[in-house]
Amino acid sequence: MSGSCGRIPPPFPDNEDQEAESDTRVLDSDEDDDDEGEDIFTGARSNPITPTSAPDECDIFSEEGSYIRSDVHHATNGLHPDEEELDLFTEATVELTLTNTTSQGRREIIGPTASACNTTQVPNSILKPSIVTKTTEELEEEESGDQFELNIAVTNPEKIGDGMNAYMSYKVSTQTTLPMFLNKTFSVRRRFSDFLGLYEKISAKHSLLGCIIPPPPQKSVVGMTKVKVGKEDSSSAEFVEKRRAALERLTNSSDAVNKMTIKMNESDNWFESKLQEVENEEQLLRRLHAAVDSLVNHRKELCSNTAVFSKSVAMLGSVEENSALSRALSQLAEVEDKMEQLHQQQAFSDFFILAELLADYIRLLGAVRCCFEQRMKVWQRLQEAQSTLQKKREAEAKLLWANKPEKLQQAKDDINEWESKVSQCERDFERVTCTVRKELLRFEKEKARDFKQHIVKYLESLLHTQHRLVKCWEAFLPEAKAIA
Amino acid sequence: MTGPYSCCSCIVFVHSVSVDLNNDASLVIDIPDALCERDKVKFTVHTKTTLSSFQKPEYSVQRQHEDFIWLHDTIVETEEYAGLIIPPAPPKPDFEGPREKMHKLGEGESSMTKEEYAKMKQELEAEYLAVFKKTVQVHEVFLQRLSSHPMFRKDRNFQIFLEYDQDLTVRRKNAKEMFGGFFKNMVKSADEVLISGVKEVDEFFEQEKNFLLDYSSKIKDATAKAEKMTRSHKNVADDYNHISGALNNIAADNNTAFKKHLEKCAEVFEKLRVSISKVEDRMASDQELKLTELLRYYTRDIQAAKDLLYRRARALADYENSNKALDKARLKGKDVAQAEENQKQCLQKFDKLSESGKKELTSFKARRVVAFRKNLIEMTELEIKHAKNSVSLLQGSIEVLKSN
């Protein structure tokens, strides 16, 4: 992640040759559907390809084959460098070659009507520093989200360029809590054809699986032409606005977006569902605890009422003139007294076995939730570190172009420092995640077993009480029968 | 006496709280059936008789609680029966508890789950049944006391009560107008003071007086404490119901960390709910029915005995007054014959009351002892049965839980 110094940042979309080619695309695909190679993301493999790759590497491109960009940074997104798991968009990373051949090749694929375009050679000096170095990948990753928060806004339509080469560039701003993104908010500029390309890729990969892919807005030559020509009338503004809104809807459509998940998100799903379970359980245990509390209180009442009754019966027995009945009544008083003691003991069991157990569990579950929170905090630290590293890298890049070598060393030092911080944070996070997971599983197993054991213990105490009750009453029965 | 009862589709069996009062086959009364229509309870009074004074050998009539009260009051007002312990009137059927619960049930229906609602409904029905049992029992015993007494069974109004196939409402109204409950009210006030103030010559009555006064206060106290105890017991049973329900929820819920380990426990916990809480509830109800009801009844009966003493004390006071009047008359030399007559009558009345009173009080003693014996035995046997039942259920549940 930290060693790709030889990378060439992808040039901005608004360069000459692109313009020309996009033009072609725009004009051509009037008649076509959006199936032809209009995306900027071809199915290049994730291996970064150097700008000097030969044209015969066309075969590594997808059938849509358009110009390729150098594949950079895809490995730096997300936390799992395992490239096999990266999704559609990594594949779709376009590698841009700055040779003429590829653009020509591209032209060929476009079709017979391509001739109308005015294709210029792709100059070699496309190397422009991009302010946002991770544009491509970011957009790709943007679209591949999961049920974490992902808000995308398409704003600021801007006309770039002039005449028939002009196009509208939209600012795509993403705000996300998805862990796979390095930044929480970022934005890039994209043009309509980029969106179409994205749609292509999503369709290709997922429509076969039966996913609903929301279609992109219609291309409209007339509308676009008006815009290009520069007519600042309301209809063109309206067109632009419509398109902007449609693009926003497209990127925010959760169906298509949700389908793109990567392994890491599965792990987060696990945590998410576990947290749900824990919260749910806490609820249920609280209710049980309340019921047990009520029992403890009522049992105490029963105790005292029985004691009082016992005394009252004793008094009655002392007044009773019939001696046998009098004796029986005093015996009854004793039975009731014994029962009071039994109730008392049972109340202890109620409390210590059951109520305290439940209170403990509820506290434990609270601790479990804290664990989850801790993990989130570590994650946030990681995010912040990555963000800072990003900024440092940008600063370095700026310095490179601004040609201030004296400050360069400082910048490099900064980068190194933050790179190691990021690694540390990543390690921390991995560790925390692992620990929390293990602990939770252990908790489940042990505590559930524990819970059941305690219930059994409580039932045994009840059983014991009932046994004693039987004995008490059986002792009294002859006394009652002896009344004459 | 046992018999089936129906209450809005429930069948109830009742054990009488008093002794077996129907051992004289010449007049056998029971309440085999009762209907509850909102506030009013309609008892079916069934009579079987071999006595010629009755029109038919067997018949049934419908009677309301107010009819019983009317019968009681007319007997109390009857001068003839002054020397007898008049069986206490049955208390008014009190459905307040179940009615409250029903109200709560109706209000909370929307916020409860189906299971909770069904459970509460069950509880409500059980409580309703218990109240019903009690009230039928107490009305039946009242009639049986009358039928087993040599004097009361011959009472004209009693016969009307048993036989008259129409509504007694009209008759009731007339009676109220006639008597106005005057005497009854008189008896209630200051009887204790009067009784204790009287100078007693008769040893028997002296003892009885002391005993009854003392016993009366103690049994009242015992009744109140028994009621409190029973209520607590029922609360505990109720709590077990909720606990098992909550345990059941935990075991049955799929979205908890415990789910894997408590899967098989859901059934056990449901069974527990049935076993523990139901058994506790039955223990509480049976204790109430046998012991608390017994105490309640005898509190009333003791009061009836005290009323007899009061009437005798009044008769004694009348006699003493008549003596004084006679002396005065003799002194004055006026109305001597009248005063003599008066005195003779007072003495007669007093003697009569004393004689029958003695008999009554003696038989009351015996009756009380027998009733206590019967009920204490029955209660003990029931408690043993329930406790043993609980033991086996708990054992079963523990085994199942341990084996999982």
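Cut-offs and rules
- For every chain, the first residue of the written sequence is number 1, and numbering continues from 1 along that sequence.
- Following the order in which they are written, the chains are lettered starting with A and the ligands numbered starting with 1.
- This being a predicted model, a pLDDT of at least 70 is required before a residue's local features are given, and a value of 80 or more before pairs of side-chain atoms are given or counted; all residues contribute to the totals for chains, interfaces and linings.
- The side-chain quantities take in all heavy atoms of the structure and omit both hydrogens and water.
- UniProt positions are given in the numbering used here, feature names are shortened, and annotations may be inferred rather than shown by experiment.
- Secondary structure elements are taken from DSSP: a helix is a run of H or I of four residues or more, a strand is a run of E of two residues or more, and numbering for both begins at the N terminus.
- Per-residue accessibility, obtained with a 1.4 Å probe over protein chains only, is compared with the maximum for each type, and a residue is labelled buried under 20%, exposed over 50%, and partly exposed between these values.
- Contacts between residues were defined by any pair of non-hydrogen atoms, one from each residue, lying within 4.5 Å.
- Residue-level accessible areas treat just the shown protein chains as cover; the underlying method is Shrake-Rupley with a 1.4 Å probe.
- Buried area is a sum: the accessible area each of two parts loses on coming together, probed at 1.4 Å, counted once for each and added.
- The salt bridge definition used is simple: a Lys or Arg side-chain nitrogen within 4 Å of an Asp or Glu carboxyl oxygen.
- Throughout this description, a polar contact denotes any pair of N or O atoms lying within 3.5 Å of each other; where both atoms belong to protein, one of them has to be capable of donating a hydrogen while the other can accept it, and for residues adjacent in sequence the pair is counted only when both atoms sit in side chains.
- Cavities and pockets were defined on a 1 Å grid built over protein atoms only: a cavity is a set of grid points that admits a 1.4 Å probe from which the probe cannot escape, a pocket is an open set flanked by protein on both sides within 12 Å along at least five of seven lines, and lining residues are those with an atom within 4 Å of any such point.
- Grid points are joined across faces, edges and corners, and a volume is the space filled by probe spheres set on the points.
- Here the nonpolar group is Ala, Val, Leu, Ile, Met, Phe, Trp, Tyr, Cys and Pro; Asp, Glu, Lys and Arg are the charged ones; every other residue, Gly included, is treated as polar.
- Residue ranges for the domains originate in an automatic or database domain assignment.
- In this description, a nonpolar core means a group of buried Ala, Val, Leu, Ile, Met, Phe, Trp, Tyr and Cys residues linked to one another through side-chain atoms lying within 4.5 Å.
- Any Phe, Tyr or Trp ring, taking Trp's six-membered ring, that has another such ring centre within 6.5 Å forms a pair; planes under 30 degrees apart are called stacked, those over 60 apart edge-to-face, and the others tilted.
- Across the chain, each position has a pLDDT score giving the predictor's confidence in that residue, from 0 to 100.
- For helices, the fitted line uses only the C-alpha atoms of the stretch in contact; every axis is such a line through C-alpha atoms, and the angle between N-to-C directions lies from 0 to 180 degrees.
- Each angle gets one of four labels, with under 35 degrees taken as roughly parallel, over 145 as roughly antiparallel, 65 to 115 as roughly perpendicular, and the rest as oblique.
- Two helices crossing with the near one rotated counterclockwise from the far one by less than a right angle form a left-handed crossing, whereas a clockwise rotation gives a right-handed crossing.
- For two strands to be treated as a pair, DSSP must find at least two bridges joining them.

Under the annotation held in an unreviewed UniProt entry, chain B carries the name Sorting nexin and is attributed to Sinocyclocheilus grahami. Listed under Function (unreviewed entry) in UniProt, the entry text for chain B is "Involved in several stages of intracellular trafficking." As stated in UniProt under Sequence similarities (unreviewed entry), the record for chain B gives "Belongs to the sorting nexin family."

An unreviewed UniProt entry lists chain A under the name Sorting nexin-2, with Sinocyclocheilus grahami given as the organism. UniProt annotates chain A under Sequence similarities (unreviewed entry) with the comment "Belongs to the sorting nexin family."

Trainee: Tell me about the overall build of chain A, residues and numbers included.
Mentor: From N to C terminus, chain A includes 11 helices and 3 strands. The 484 residues of chain A split such that 52% are buried. Intrachain contacts of chain A at a sequence separation of at least 6 include 79% that bridge at least 24 residues. Surface summary for chain A: the accessible area is close to 22400 Å², and the carbon and sulfur share equals 53%.

Trainee: Explain the interface of chain A and chain B to me, using residue names and the numbers behind them.
Mentor: Taken together, the contact pairs 59 residues of chain A with 65 residues of chain B. Note on chain A versus chain B: buried area summed over both sides is about 5800 Å², and carbon and sulfur give 72% of it. When the buried area of chain A at its contact with chain B is split by residue, Leu316(A), Lys452(A) and Trp473(A) rank highest and sum to 11% of it. At the junction of chain A and chain B, the tally comes to 5 salt bridges. Note that Lys402(B) is salt-bridged to Glu460(A), the shortest N-O span being 2.7 Å. Counting across the chain A and chain B interface gives 18 residue pairs in polar contact (both at pLDDT 80 or more). Looking at the side of chain A that touches chain B, the elements that each hand over two or more residues are helix H9 (263–319), helix H10 (323–402) and helix H11 (405–481) of chain A.

Trainee: Help me get a handle on the layout of surface pockets, residues and values and all.
Mentor: Residues and elements named next belong to chain B. Space inside the largest pocket adds up to approximately 1800 Å³. Lining the largest pocket are 50 residues, with Ala126, Glu127, Ala130, Val131 and Lys234 positioned closest to its centre. Contributions of two or more residues to the lining of the largest pocket are made by strand E2 (10–13), helix H2 (96–108), helix H3 (114–148), helix H8 (203–252), helix H10 (265–332) and helix H11 (336–403). Residues of the lining of the largest pocket, tallied by class, amount to 16 nonpolar, 10 polar and 24 charged. Looking at which domains feed residues into the lining of the largest pocket, each of domain 1 (1–183) and domain 2 (189–198 + 207–403) gives three or more.

Trainee: Can you lay out the nonpolar core for me, pointing to particular residues and giving the numbers?
Mentor: Soluble globular proteins tend to pack their nonpolar side chains together in the buried interior. Leu288(A) and Phe451(A) are the most contacted members of the largest nonpolar core, which has 109 residues in total. Contributing elements (two or more residues each) for this core: H9, H10 and H11 of chain A together with H8, H10 and H11 of chain B. With residues up to four places along the chain from it excluded, the contact list for Leu288(A) reads Leu358(A), Phe451(A), Ile243(B), Ala246(B), Leu247(B) and Ile250(B).

Trainee: Lay out the packing of aromatic side chains in plain terms, naming residues and giving numbers.
Mentor: All names here are of chain B. Counted according to the given criterion, the structure contains 17 aromatic pairs over all chains. Note on Phe95 and Phe132: the rings are 6.3 Å apart at their centroids and 40° apart in plane angle, and the pair reads as tilted. Taken together, the positions of Phe95 in the loop between helix H1 (65–77) and H2 and Phe132 in helix H3 put the pair 37 residues apart, joining distant regions of the chain. Taking the relative accessible area as the measure of exposure, Phe95 reaches 4% and is therefore buried. When the ring of Phe211 is compared with that of Tyr215, the centres are 5.0 Å apart and the planes differ by 35°; the resulting orientation is tilted.

Trainee: Which residues make up the confidence of the model for chain B, and what values go with them?
Mentor: Residue and element names in this part refer to chain B. Put simply, chain B has an average pLDDT of 81, and 83% of its residues get 70 or more. The secondary structure element of chain B with the lowest average pLDDT is E2, at 35, and the one with the highest is H1, at 91. Low confidence marks residues 1–19, where pLDDT is under 50. Its contacts with residues over four positions away, or in another chain, come to 66 contacts. In the predicted assembly, ipTM is 0.82 and pTM is 0.62.

Trainee: An account of the environment of Val336(B) is requested, with residue identities and associated values reported.
Mentor: Within the secondary structure, Val336(B) is located in helix H11. Val336(B) sits 10 residues away from Leu326(B) along the chain, and the two C-alpha atoms are 6.5 Å apart.

Trainee: Describe the packing of H2(B) against H3(B), with residues and values.
Mentor: Residues and elements named next belong to chain B. One can describe the packing of H2 onto H3 by two numbers: an axis separation of 9 Å at closest approach and a directional angle of 165°. As summarised for this structure, H2 and H3 are arranged roughly antiparallel, according to the angle between their axes. The way H2 lies across H3 gives a crossing that is left-handed. Counting all contacts with H2, which are made through Gly97, Pro98, Lys101, Met102 and Leu105, the residues of H3 involved are Tyr117, Met120, Lys121, Glu123, Leu124, Glu127, Tyr128 and Val131. When grouped by side-chain class, the residues that make up the contact of H2 with H3 number 8 nonpolar, 1 polar and 4 charged.

Trainee: Can you lay out unusual backbone geometry for me, pointing to particular residues and giving the numbers?
Mentor: The phi dihedral of Asp335(B) is positive, around 50°, even though this residue is not glycine. Within the secondary structure, Asp335(B) sits in the loop between H10 and H11.

Trainee: So what about the packing of H10(A) against H11(A)? Which residues, and what values?
Mentor: Residue and element names in this part refer to chain A. Packing of H10 against H11 leaves a shortest axis separation of 8 Å and a crossing angle of 170°. Taken together, the axes of H10 and H11 are roughly antiparallel relative to one another. Residue composition of the contact of H10 with H11, by class: 41 nonpolar, 10 polar and 20 charged.

Trainee: Go over the side chain of Thr230(B), please, and point to the residues and values.
Mentor: All names here are of chain B. Here Thr230 is to be found in helix H8. Residue classification places Thr230 among the buried residues on the basis of a relative accessible area of 3%. At a separation of 2.8 Å, a polar atom in the side chain of Thr230 contacts the main-chain carbonyl oxygen of Ala226. When near neighbours in sequence (up to four residues on either side) are disregarded, Thr230 contacts Ala284, Glu288 and Thr292.

Trainee: Tell me what's going on with empty space enclosed by the protein, and back it up with residues and numbers.
Mentor: The tally for this structure, following the rule as stated, stands at 13 cavities of 30 Å³ or more. Estimated volume of the second largest cavity: approximately 100 Å³. Those elements that place two or more of their residues in the lining of the second largest cavity are H11 of chain A together with H8 and H10 of chain B. Classifying every residue of the lining of the second largest cavity gives 11 nonpolar, 1 polar and no charged.

Trainee: Provide a residue-level description of the pairing of strand E3 (residues 27–37) of chain B, including the pertinent values.
Mentor: When a strand is regular, its side chains alternate between the sheet's two faces. Residues and elements named next belong to chain B. The pairing of E3 with strand E4 (residues 40–49) spans 9 bridges and is classified as antiparallel. Residue Cys36 lies in a different strand from E4, and its bridge partner there is Val41. In this structure, the hairpin formed by E3 and E4 is closed by a connection of 2 residues, where Arg38 is found at a positive phi of approximately 50°.

Trainee: An account of the confidence of the model for chain A is needed here, citing residue identities and associated values.
Mentor: All names here are of chain A. With 46% of its residues at a pLDDT of at least 70, chain A reaches an overall mean of 64. This stretch, residues 1–147, has a pLDDT under 50; its non-local contacts, to residues over four places away or in other chains, come to 303 contacts. For residues 254–263, every residue scores under 50 in pLDDT, and the model assigns this stretch 28 contacts once sequence neighbours within four places are set aside.

Trainee: Would you mind going over the sheet that holds E3(B) in detail, with residue names and values included?
Mentor: All names here are of chain B. Read from one edge of the open sheet, 3 strands run E3-E4-E5, paired in antiparallel fashion. Whereas interior strands pair on both sides, the edge strands pair on one side only; in this sheet they are E3 and strand E5 (58–64). Ignoring strand direction, the axes of neighbouring strands in this sheet form an average angle of 20°. Seen against the sheet, H1 touches E3, E4 and E5 and runs at an angle of roughly 100° to E5. Together, E3, E4 and E5 form the strand contacts of helix H4 (residues 156–163), whose direction differs from that of E5 by roughly 95°.

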